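A structural walkthrough
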Amino acid sequence: MRFGMFSAVAATAHCDVPCGVYDPAQARIEAESVKAIQEKYQANEDPVFRTRAIMIKDQRAELVKHHLWVLWTDYFKAPHFEKYPQLHELFNKATKQAGASGARGSMDPAEGQKLLDYIAEIDKIFWETKAAA
C-alpha cells in the first residue's frame, strides 16, 4: 500500500506494535470471569439468562486461550523452557482447560477454578523470570 511518498508495511503482534508488555493478569481476569459466570449460571434457572451466560463464558474462555498463547509463544523463550522444563506441559494443560474439554465445555465452577490454578502456576513462573531479567 502506498500513501504519497510513504509506504505501509503490515506487521502483526498481540498489540499494534511489538510492545514487549506481557502479563498473565490478562488471562487470569478472563478466567475469573469464566468461573464467575459458571457460578451465576448455577444460581439461575432462567433459560434466557443461562443461554446468554454460556455464550459469554465461551467468549471469555477463548480470550483466556489467546492471552495464554501470547505468553507461551511470544514472551517465554528457550532459556525459560530450559529452566522450567514443566512450562510447555503447563501451558498445554492450561489452554486445554480453557477449551472445550475444560472450562469452556462445562458450566461447573470447579472447572473454572482448575483453569485459575493453572494460570496461577504460570503467573508464579512468569514473575520469577521477570525478576531474573
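Report follows, based on the coordinates. Quantities reported herein were computed from a predicted structural model and do not represent experimental measurements.

Structural notes on the overall build of the protein chain
- Each helix and strand counted, the protein chain has five helices and two strands in total.
- Taken from N to C terminus, the helices and strands of the protein chain fall in the order β-β-α-α-α-α-α.
- Put simply, the protein chain has 133 residues, and 36% of those count as buried.
- Excluding contacts between residues fewer than 6 apart, the proportion of contacts in the protein chain whose partners are at least 24 apart in sequence is 68%.

Re the pattern of salt bridges
- Under the counting rule described, the total for this entry stands at ten salt bridges.
- Between Lys 35 and Glu 39 there is a salt bridge, with the nearest N and O atoms lying 3.9 Å from each other. Taken together, the positions of Lys 35 and Glu 39, both in helix H1 (residues 25-42) and four residues apart, correspond to about one turn of that helix.
- With a closest N to O distance of 3.0 Å, Asp 58 and Lys 57 form a salt bridge.
- Taken together, the shared-partner salt bridges in this structure form one network comprising Lys 57, Asp 58, Glu 62, Lys 65 and Arg 104.

Considering the nonpolar core
- Of all hydrophobic cores here, the largest spans 26 residues; its most connected members are Leu 68, Leu 71, Phe 76, Leu 87, Phe 91 and Ile 122.
- Elements supplying a minimum of two residues to this core: H1, helix H2 (47-75), helix H4 (87-98) and helix H5 (109-132).
- By residue number, the principal contributor to this core is H2, which donates seven residues.
- For Leu 87, the residues in contact, after removing those within four places along its chain, are Phe 76, His 80, Phe 81 and Ile 125.

What to know about the side chain of His 67
- With respect to the helices and strands, His 67 occurs in helix H2.
- For His 67, a relative accessible area of 17% puts it in the buried group.
- With near-sequence residues (within four places) excluded, His 67 lies in contact with Gln 26, Ala 27 and Glu 30.

Some points on the packing of H1 against H2
- For the pair H1 and H2, interaxial distance at closest approach is 8 Å and the crossing angle is 160 degrees. Taken together, H1 and H2 sit at an angle that is classed as roughly antiparallel. As for the relative orientation of H1 and H2, their crossing is left-handed in sense. Across the interface between the two elements, Gln 26, Ala 27, Glu 30, Ala 31, Ser 33, Val 34, Ile 37, Gln 38, Lys 40, Tyr 41 and Gln 42 of H1 pack against Phe 49, Arg 50, Ala 53, Ile 54, Ile 56, Lys 57, Arg 60, Ala 61, Leu 63, Val 64, His 67 and Leu 68 of H2.
- Tallied by class, residues from the contact of H1 with H2 come to 13 nonpolar, five polar and five charged.

Thoughts on the side chain of Gln 97
- Mapped onto the elements, Gln 97 comes out in helix H4.
- Judged by relative accessible area, which is 10%, Gln 97 ranks as buried.

Some thoughts on the environment of Glu 32
- When you line up the elements, Glu 32 lands in helix H1.
- The exposure class assigned to Glu 32 is partly exposed, which follows from its relative accessible area of 38%.
- Taking C-alpha positions, Glu 32 is 9.8 Å from Val 64, a pair spaced 32 residues apart along the chain.

About the cut-offs
Residues numbered from 1 in each chain as written. Predicted model: local features only at pLDDT ≥ 70, side-chain atom pairs only at ≥ 80, totals over all residues. Heavy atoms only, no water. Helix = DSSP H or I, 4+ residues; strand = E, 2+ residues; numbered from the N terminus. Buried < 20%, exposed > 50% of the residue type's maximum accessible area, 1.4 Å probe, protein only. Contact = heavy atoms within 4.5 Å. Salt bridge = Lys/Arg side-chain N within 4 Å of Asp/Glu carboxyl O. Core = buried A, V, L, I, M, F, W, Y, C linked by side-chain atoms within 4.5 Å. Axes fitted to C-alpha atoms, helices over the stretch in contact; angles between N-to-C directions. Parallel < 35°, antiparallel > 145°, perpendicular 65-115°, else oblique. Left-handed = near helix turned anticlockwise from the far one by under 90°. Nonpolar A, V, L, I, M, F, W, Y, C, P; charged D, E, K, R; others polar.

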